[in-house]
Amino acid sequence: MAKVYVLIINESGKEDSVISHLRNIQSVSNAYGTFGSYDILAKLESSDEKNIQQDISNGIRKIPNIRSTLTLLVDKRSGISKISDTEQKVLDEHMAQAYITIHCLKSEEENIISKLNAVAEVVEAYTLVGNYEIISKVVAPTYNEISEIISKKIRKIPGIKSTITINLINNQGFDK
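Below or above, wherever it landed, is the structure these notes cover. Note on numbering: residues in each chain are counted from 1, in written sequence order. Restriction of local features to residues with pLDDT of at least 70 applies here, the model being predicted, together with a cutoff of 80 or more for giving and counting side-chain atom pairs; totals for whole chains, interfaces and linings are based on all residues. With hydrogens and water stripped out, all remaining heavy atoms of the structure feed into the side-chain values.

1. Some remarks on helix H5 (residues 143-154)
Turning to step 1, where the next piece is worked out: Classification of residues uses two cut-offs on accessible area relative to the type maximum, computed with a 1.4 Å probe and protein chains only: under 20% is buried, over 50% is exposed, and between them is partly exposed. Put simply, DSSP marks the helices as runs of H or I at least four residues long and the strands as runs of E at least two long, and each gets a number from the N terminus on. All buried positions along H5 are accounted for by Ile-146, Ile-149, Ile-150 and Ile-154. End-on view of H5: buried residues confined to an arc of 95°, all on one side of the axis. Turned more than 90 degrees from where H5 packs its buried face, Asn-144 and Lys-152 sit exposed.
Turning to step 2, where the next piece is worked out: In this fold, the buried residues of H5 make contact with strand E6 (96-104), helix H4 (109-117), strand E7 (122-129), strand E8 (134-140) and strand E9 (160-175). This arc corresponds to the set of directions leading from the helix axis out to the C-beta atoms. Here, residues are in contact when the closest pair of their heavy atoms is within 4.5 Å.

2. Considering the pattern of salt bridges
Turning to step 1, where the next piece is worked out: Definition used for salt bridges: Asp or Glu carboxyl oxygen within 4 Å of a side-chain nitrogen of Lys or Arg. Per the stated rule, a full pass over the model turns up five salt bridges.
Turning to step 2, where the next piece is worked out: The shortest N-O distance in the salt bridge between Lys-43 and Glu-124 comes to 3.3 Å. Remark: Glu-124 occurs in strand E7 and Lys-43 occurs in strand E3 (residues 40-46); sequence separation between them is 81 residues. Like Lys-43, the residue Glu-124 is buried in the burial classification.
Turning to step 3, where the next piece is worked out: Close ionic contact of Lys-152 with Glu-148 constitutes a salt bridge, the shortest N to O distance being 2.8 Å. Residue Lys-152 and its partner Glu-148 are located together in helix H5, separated by four residues, close to a single helical turn.
Turning to step 4, where the next piece is worked out: Looking at Lys-152, the relative accessible area reads 55%, which means it is exposed.
Turning to step 5, where the next piece is worked out: Owing to a relative accessible area of 39%, Glu-148 belongs among the partly exposed residues under this scheme.

And the structure:
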(Lines give C-alpha, C1' and ligand atoms only; values in the text may rest on other atoms or scores of the structure.)
Protein backbone atom coordinates (compact mmCIF):
# COMPACT_ATOMS: atom_id res chain seq x y z
CA MET A 1 0.00 0.00 0.00
CA ALA A 2 1.46 3.35 -1.06
CA LYS A 3 1.16 6.11 1.54
CA VAL A 4 1.85 9.85 1.31
CA TYR A 5 1.36 12.81 3.64
CA VAL A 6 0.67 16.23 2.13
CA LEU A 7 1.21 19.35 4.23
CA ILE A 8 -0.91 22.23 2.93
CA ILE A 9 -0.75 25.99 3.35
CA ASN A 10 -3.98 27.68 2.28
CA GLU A 11 -5.41 31.17 2.14
CA SER A 12 -6.30 32.41 5.61
CA GLY A 13 -9.65 31.15 6.88
CA LYS A 14 -10.20 28.69 3.99
CA GLU A 15 -9.36 25.47 5.87
CA ASP A 16 -12.95 24.16 5.96
CA SER A 17 -13.38 24.73 2.22
CA VAL A 18 -10.10 22.98 1.38
CA ILE A 19 -10.92 20.06 3.71
CA SER A 20 -14.34 19.75 2.05
CA HIS A 21 -12.63 19.44 -1.37
CA LEU A 22 -10.13 16.91 0.00
CA ARG A 23 -13.00 14.67 1.10
CA ASN A 24 -13.87 14.14 -2.59
CA ILE A 25 -10.40 12.96 -3.62
CA GLN A 26 -10.33 9.17 -3.78
CA SER A 27 -6.95 8.40 -2.19
CA VAL A 28 -7.28 10.93 0.67
CA SER A 29 -7.94 8.71 3.69
CA ASN A 30 -7.99 11.56 6.21
CA ALA A 31 -7.33 15.26 6.52
CA TYR A 32 -7.02 17.47 9.57
CA GLY A 33 -6.76 21.16 10.26
CA THR A 34 -3.53 21.97 12.05
CA PHE A 35 -1.98 24.86 13.87
CA GLY A 36 1.58 25.92 13.28
CA SER A 37 3.49 26.28 10.02
CA TYR A 38 0.92 24.33 7.98
CA ASP A 39 -2.86 24.68 7.83
CA ILE A 40 -3.86 21.13 6.86
CA LEU A 41 -2.31 17.66 6.91
CA ALA A 42 -3.76 15.12 4.48
CA LYS A 43 -2.91 11.42 4.37
CA LEU A 44 -3.28 9.62 1.04
CA GLU A 45 -3.31 5.84 0.64
CA SER A 46 -3.75 3.61 -2.40
CA SER A 47 -2.69 0.23 -3.71
CA ASP A 48 -1.33 2.08 -6.77
CA GLU A 49 1.20 4.90 -6.29
CA LYS A 50 0.17 6.39 -9.67
CA ASN A 51 -3.33 7.04 -8.27
CA ILE A 52 -1.79 9.07 -5.47
CA GLN A 53 0.40 11.03 -7.89
CA GLN A 54 -2.64 11.87 -10.03
CA ASP A 55 -4.72 12.82 -7.00
CA ILE A 56 -1.99 15.21 -5.87
CA SER A 57 -1.37 16.76 -9.30
CA ASN A 58 -4.93 16.83 -10.64
CA GLY A 59 -6.83 17.00 -7.37
CA ILE A 60 -5.10 18.61 -4.40
CA ARG A 61 -3.01 21.15 -6.31
CA LYS A 62 -6.10 22.34 -8.20
CA ILE A 63 -8.19 23.01 -5.10
CA PRO A 64 -8.97 26.73 -4.85
CA ASN A 65 -7.28 28.66 -2.03
CA ILE A 66 -4.26 26.37 -1.65
CA ARG A 67 -1.06 28.44 -1.63
CA SER A 68 1.49 25.60 -1.39
CA THR A 69 1.94 21.91 -0.63
CA LEU A 70 4.76 19.74 0.68
CA THR A 71 4.53 16.05 -0.17
CA LEU A 72 6.09 13.49 2.19
CA LEU A 73 6.41 10.07 0.53
CA VAL A 74 6.39 7.13 2.95
CA ASP A 75 9.14 4.62 2.20
CA LYS A 76 7.94 1.12 1.41
CA ARG A 77 9.95 -0.26 4.34
CA SER A 78 7.81 -1.18 7.28
CA GLY A 79 6.84 1.35 9.91
CA ILE A 80 4.72 1.07 13.02
CA SER A 81 0.98 1.48 13.44
CA LYS A 82 -0.40 0.61 16.87
CA ILE A 83 -4.07 1.57 16.51
CA SER A 84 -7.16 0.30 14.74
CA ASP A 85 -9.78 2.47 13.00
CA THR A 86 -12.10 2.07 16.01
CA GLU A 87 -9.37 3.16 18.42
CA GLN A 88 -8.62 6.15 16.16
CA LYS A 89 -12.22 7.32 16.46
CA VAL A 90 -11.89 7.32 20.27
CA LEU A 91 -8.59 9.20 20.05
CA ASP A 92 -10.15 11.77 17.72
CA GLU A 93 -12.82 12.49 20.31
CA HIS A 94 -10.83 12.43 23.52
CA MET A 95 -7.14 13.08 22.91
CA ALA A 96 -4.80 15.77 21.60
CA GLN A 97 -2.85 14.54 18.57
CA ALA A 98 0.20 15.71 16.65
CA TYR A 99 2.41 14.57 13.82
CA ILE A 100 6.13 15.00 14.33
CA THR A 101 8.51 15.23 11.37
CA ILE A 102 12.01 14.13 12.31
CA HIS A 103 15.45 14.89 10.87
CA CYS A 104 17.96 12.29 11.95
CA LEU A 105 21.50 11.17 11.35
CA LYS A 106 22.03 9.16 8.17
CA SER A 107 21.26 5.46 8.43
CA GLU A 108 19.65 5.86 11.86
CA GLU A 109 16.02 5.72 10.70
CA GLU A 110 15.38 2.08 11.62
CA ASN A 111 17.00 2.47 15.06
CA ILE A 112 14.95 5.58 15.76
CA ILE A 113 11.70 3.93 14.62
CA SER A 114 12.49 1.05 16.98
CA LYS A 115 12.98 3.51 19.85
CA LEU A 116 9.78 5.40 18.89
CA ASN A 117 7.91 2.08 19.05
CA ALA A 118 8.88 1.86 22.73
CA VAL A 119 7.22 5.24 23.46
CA ALA A 120 3.62 4.39 24.40
CA GLU A 121 2.21 7.70 23.12
CA VAL A 122 3.68 7.20 19.62
CA VAL A 123 0.94 5.40 17.68
CA GLU A 124 2.44 5.59 14.17
CA ALA A 125 5.90 6.09 12.69
CA TYR A 126 7.14 5.73 9.12
CA THR A 127 10.37 6.29 7.25
CA LEU A 128 10.07 8.99 4.58
CA VAL A 129 11.74 9.70 1.25
CA GLY A 130 12.54 13.38 0.77
CA ASN A 131 12.65 16.42 3.04
CA TYR A 132 12.40 14.56 6.37
CA GLU A 133 13.51 11.08 7.39
CA ILE A 134 10.62 10.05 9.69
CA ILE A 135 7.05 11.05 10.45
CA SER A 136 5.37 9.90 13.65
CA LYS A 137 2.00 10.45 15.27
CA VAL A 138 1.73 11.17 19.00
CA VAL A 139 -1.39 11.17 21.19
CA ALA A 140 -1.87 12.42 24.76
CA PRO A 141 -4.68 13.94 26.85
CA THR A 142 -3.46 17.52 26.24
CA TYR A 143 -1.17 19.48 23.93
CA ASN A 144 0.99 20.34 26.95
CA GLU A 145 1.54 16.62 27.50
CA ILE A 146 2.41 16.17 23.81
CA SER A 147 5.02 18.90 24.28
CA GLU A 148 6.42 17.02 27.30
CA ILE A 149 6.56 13.73 25.36
CA ILE A 150 8.42 15.39 22.50
CA SER A 151 10.93 17.21 24.68
CA LYS A 152 11.50 14.51 27.31
CA LYS A 153 11.13 11.29 25.30
CA ILE A 154 11.37 11.79 21.53
CA ARG A 155 14.10 14.45 21.30
CA LYS A 156 16.21 12.44 23.75
CA ILE A 157 16.47 9.52 21.29
CA PRO A 158 20.07 9.31 20.03
CA GLY A 159 20.41 10.19 16.35
CA ILE A 160 17.57 12.72 16.17
CA LYS A 161 18.86 16.10 14.94
CA SER A 162 15.61 18.10 14.92
CA THR A 163 11.82 17.81 14.96
CA ILE A 164 8.85 19.84 13.76
CA THR A 165 5.51 19.44 15.54
CA ILE A 166 2.24 19.66 13.59
CA ASN A 167 -0.62 19.78 16.11
CA LEU A 168 -3.96 18.53 14.82
CA ILE A 169 -7.26 20.32 15.34
CA ASN A 170 -9.42 17.29 16.18
CA ASN A 171 -12.79 18.81 15.30
CA GLN A 172 -11.63 20.09 11.92
CA GLY A 173 -11.20 17.29 9.44
CA PHE A 174 -12.26 13.76 8.62
CA ASP A 175 -11.30 10.09 8.52
CA LYS A 176 -12.73 7.96 5.71
